[in-house]
Amino acid sequence: MTAPKAFYITTAISYPNGPPHIGHAYEAIATDILARFKRLDGVDTYFLTGVDDHGQKMVQTAKERGVSPQELADEMAPLFKKMCAVLNISNDDFIRTSEPRHILAAQTLWEKLAAKGDIYLDKYAGWYSVRDEAYYGEDELSDGDDGKKYAPTGTPVEWIEEESYFFRLSAYADRLLELYEKHPDFILPETRRNEVVAFVKRGLNDLSISRTKIDWGVPVPGDPKHVMYVWVDALTNYITGVGYPNVESASFKHYWPADVHIIGKDIVRFHAMIWPALLMAAEVDLPKRIYGHGFLFNRGEKMSKSVGNVIDPFTITQTYGVDQIRYFFAREVPFGQDGSYSHETVVNRINADLANDLGNLAQRSLSMIAKNLEGKVPEPGALTDEDKAILDQAGAMLDAARVHMDGQQIHQALGVIWDTVAEANRYFAGQEPWALKKTDPARMGTVLYVTAEVIRRVAILAQPVVPSGAAKLLDLLAVLPEARSFASLEDKLVPGTALPAPSGVFPRFVDEEKGQA
Ligand code: ME8
């Protein structure tokens, strides 16, 4: 089997109509772990994230705040970039849909669809609030005492009809069903796939793709009183990011089609139906996978600004630490399912898995090397069955983690690594190297060697999830920067190598109020 030439992964582009929330952070972290894993596995990886500057939500919030949509986007987009920096996200690019490169891409795509005969002019009708410059669904409205209908924002709505361009989505239903049939893992997890298949089987309506009542968006080529409406604009970001419309560019040829679009479950349908249909119409290759992750809740409750239970990614990383939050989300929430966030569960993960199991094992074994073996990697003697068993387990981690990561089962890949950590703790406790110090110092050296070697392999594989802590562990083991990729799992610690003085890597979280964890 030859290695894939490249790996292209994206997040959704977030609406910058407010600061980033924990859902945005969650998606960025998960995608980053997948991207870092591929890079460390020697695959040329490209990771795109960004913001969706256009759309009705932006117009509405800007109006409420008395600024223009562009001003709102310009104020918030840097916070999304900052979130990426703070969370140690390794994105290669950050796209904004109001950038000229994207406007060109979206307009070119539109022209391709129009040339194909897949765009036509008709009328769109709906409940519209002039004050909000927004349409609302019937189910969002309430009846006023005055007989009028009102939007959730309290503004009156009226039934209006406007001219709109439509995309012939209905014509693609059969080809979409064929796609889902031929590529059963195009949409994952499977529950999401089943929902989409059932939806498309019921038949598709054509899609309204322009507005004249809103003037914030990409102008429709040849008819600038229309702007593109939502999905044609937003979805196109994924090809803009690798150079579309220049399909001959090195980056487009190298990275497109995307290997996986990581998105939340609420927008799976758009990605799994509209996006491939648009690409089929434009004769562009289809992405290989759409993965819909679950939603995060605060103690099981939906987060909302009005309830006041929205969790700020900047605050929680300050409170608990960046690696800690990354680890918590990746390990605690089975990827694809909904997850819940609470102080207790975060602290438990930090203290049990990071501080105790991994941090303590490293601290105890490396301190013994520092104290008893002049801080040098010991020379191992003959290996016992126990030594071989734990080394074998550590040696088998990569293959298992790869399978899980290729299916975006991040929590399972981490499960494989932390199972080894748990086993290494049992090994260390069972071998009692502290007792061997007097009775059999050579055997103590072997046990410490084996433990340190297992920690080396764990740290290399833990880099995608806890990049800072793993780097620190590898520093403590004097592993050179060029010997930290997955290919270097084949190496071994070299006896006699001088190690730096050990220091703690994953501190325990101590509750200030209680004075204890
Ligand atoms: O939907 N938990 O933007 P967005 C987990 N601009 N994920 C969540 C979440 C939560 N509580 N809330 C939102 C948009 N998300 C469009 C996307 S893509 C071409 C256009 C996820 O800011 C959500 O599912 O509302 C989506 O994947 C991402 O955050 C951005 O959401």
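Residue numbers run consecutively from 1 along every chain, following the written order of its sequence. Local features in this predicted model are restricted to residues whose pLDDT is 70 or higher, and side-chain atom pairs enter the listing and the counts only when it is 80 or higher, whereas totals over whole chains, interfaces and linings include all residues.

A. Main features of the overall build of the protein. Looking only at helices and strands, one finds 19 helices and 16 strands in the protein. Each principal axis of the C-alpha atoms in the protein carries an extent, and together these give about 90 × 55 × 40 Å. Exposed residues have 12 or fewer other C-beta atoms within 10 Å of their own C-beta, buried residues have 20 or more, and partly exposed residues fall in between, where C-beta atoms are placed from the backbone. When each of the 517 residues of the protein is scored for burial, the buried share is 45%. For helices the rule is a DSSP run of H or I covering at least 4 residues; for strands it is a run of E covering at least 2, with both sets numbered from the N terminus onward.

B. Representation of the site of the ligand in the model. Lining the immediate environment of the ligand, one finds 19 residues, of which Ala12, Ser14, Gly23, Asp52 and Gly264 sit closest. Mapped onto the shell around the ligand, the elements with two or more residues apiece are β1 (7-14), α1 (22-40), α7 (231-235) and β13 (260-264). A total of four residues in the shell around the ligand trace back to one element, the largest contributor, which is α1. Here the term charged refers only to Asp, Glu, Lys and Arg, the term nonpolar to Ala, Val, Leu, Ile, Met, Phe, Trp, Tyr, Cys and Pro, and the term polar to all other amino acids, Gly among them. Counted by class, the shell around the ligand contains eleven nonpolar, five polar and three charged residues. Using a C-beta atom placed from the backbone, a residue is scored as near a molecule or strand whenever that atom is within 6 Å of it.

C. Just the sheet that holds β13, in detail. Here we have six strands laid out as an open sheet, ordered β3-β2-β1-β13-β14-β9, and parallel in their pairing. If you trace the sheet from one side to the other, it starts and ends with β3 (93-96) and β9 (187-188), each paired once. If DSSP finds at least two bridges between two strands, the strands pair. By the bridge criterion, two bridges tie β9 to strand β14 (residues 290-293) in an arrangement that is parallel. Each bridged residue has a counterpart across the sheet, and for Leu188 the counterpart in β14 is Tyr291.

D. Region of interest: the UniProt feature "short sequence motif: 'HIGH' region" (unreviewed entry) in the protein. UniProt positions are given in the numbering used here, feature names are shortened, and annotations may be inferred rather than shown by experiment. The sites that UniProt annotates as "short sequence motif: 'HIGH' region" (unreviewed entry) are residues 14-24. Across residues 14-24, helical content stands at 27% and strand content at 9%; the span's end C-alpha atoms are separated by 7 Å.

E. Representation of the domain arrangement of the protein in the model. Those domain boundaries reflect an automatic or database domain assignment. According to the domain assignment, the protein contains domain 1 (6-118 + 168-293), domain 2 (122-165) and domain 3 (352-498). Using only C-alpha atoms to locate each centre, domain 1 and domain 2 end up separated by 27 Å. Note on contacts: each residue gets a C-beta atom placed from the backbone, and two residues are in contact if those atoms are within 7 Å. Facing 13 residues of domain 1, the contacting portion of domain 2 comprises ten residues. Breaking the side of domain 1 that touches domain 2 down by element, the ones donating at least two residues are α2 (56-65) and β11 (210-211).

F. Main features of helix α18 (residues 441-462). Working rule for helices: expected span equals 1.5 Å times residues minus one. In this model α18 runs 31 Å from its N-terminal to its C-terminal C-alpha over 22 residues, within 8% of the 32 Å that 1.5 Å per residue would give. Among the 22 residues that make up α18, 19 are buried, leaving the element largely enclosed by the rest of the structure.

G. The pairing of β14, seen in detail. A two-sided burial pattern is seen for β14, the buried positions comprising Ile290 and Gly292 on one face and Tyr291 and His293 on the other. In this structure, β13 lies alongside β14, joined through four bridges in parallel fashion. Bridged to Ile263 within β14 is Gly292. A right-handed crossover is one whose linking path, passing over the helix from the first strand to the second, runs clockwise when the strands point away from the viewer. The parallel pair β13 and β14, bridged by helix α10 (residues 268-282), forms a crossover whose chirality is right-handed.

H. Main features of α10. In this model, α10 (15 residues) spans 21 Å end to end at C-alpha, consistent with the 21 Å of a helix rising 1.5 Å per residue. Where burial is concerned, most of α10 is hidden: twelve out of the 15 residues are buried. Along α10, the residues classified as buried are Val268, His271, Ala272, Met273, Ile274, Trp275, Pro276, Ala277, Leu278, Leu279, Ala281 and Ala282.

I. Just the environment of Asp215, in detail. Looking at the element boundaries, Asp215 is found in the loop between β11 and β12 (227-228). In this structure Asp215 comes out as partly exposed when scored by C-beta crowding, with 14 C-beta atoms within 10 Å. The spatial distance from the C-alpha of Asp215 to the C-alpha of Thr345 is 45 Å, given a sequence separation of 130 residues.

J. Summary view of the packing of helix α15 (residues 397-406) against helix α16 (residues 410-431). Axes here mean lines fitted to C-alpha atoms, for a helix over just the part in contact, with angles spanning 0 to 180 degrees between N-to-C directions. One way to put it is that α15 packs onto α16 with a least axis distance of 7 Å and a crossing angle of 165°. Judged by the inter-axis angle, α15 sits roughly antiparallel to α16. Read as a crossing pair, α15 and α16 show a hand that is right-handed. The segment α15 lies against α16, with Met397, Ala400, Ala401, His404 and Met405 engaging Ile410, Gln412, Ala413, Val416, Ile417 and Thr420. Its residues placed into classes, the contact of α15 with α16 shows eight nonpolar, three polar and no charged. Here the word oblique covers every angle except those under 35 degrees (roughly parallel), over 145 (roughly antiparallel) and from 65 to 115 (roughly perpendicular). Crossing chirality is assigned from the near helix's rotation relative to the far helix, an anticlockwise turn below a right angle marking it left-handed and a clockwise turn marking it right-handed.

K. Quick look at unusual backbone geometry. At the junction of Leu188 and Pro189, the peptide bond is cis and its omega measures out at -5° in the coordinates. Positionally, Pro189 belongs in the loop between β9 and α6 (190-201). Omega for the bond connecting Tyr244 with Pro245 falls within 30 degrees of zero, at 10°, which places this linkage in the cis form. Assignment of secondary structure puts Pro245 in the loop between α8 (237-240) and α9 (250-255). For Gln408, which is not a glycine, the phi torsion comes out positive at approximately 60°. Along the polypeptide, Gln408 turns up in the loop between α15 and α16.

L. Representation of the environment of Thr236 in the model. For Thr236, the position within the fold is in the loop between α7 and α8. What Thr236 contacts, discounting residues up to four positions off in sequence, is Ala105, Ala106 and Leu109.

M. The arrangement of the nonpolar core in detail. Counting 153 residues, the largest nonpolar core has Leu278, Ile417 and Val458 as its most contacted members. With 13 residues, α18 is the largest single contributor of residues to this core. If we skip the residues at most four places from it in the chain, Val458 touches Leu358, Ala394, Ile417, Thr420 and Val421. Connectivity within a nonpolar core runs through C-beta atoms within 7 Å, and the core itself is a set of buried Ala, Val, Leu, Ile, Met, Phe, Trp, Tyr and Cys residues.

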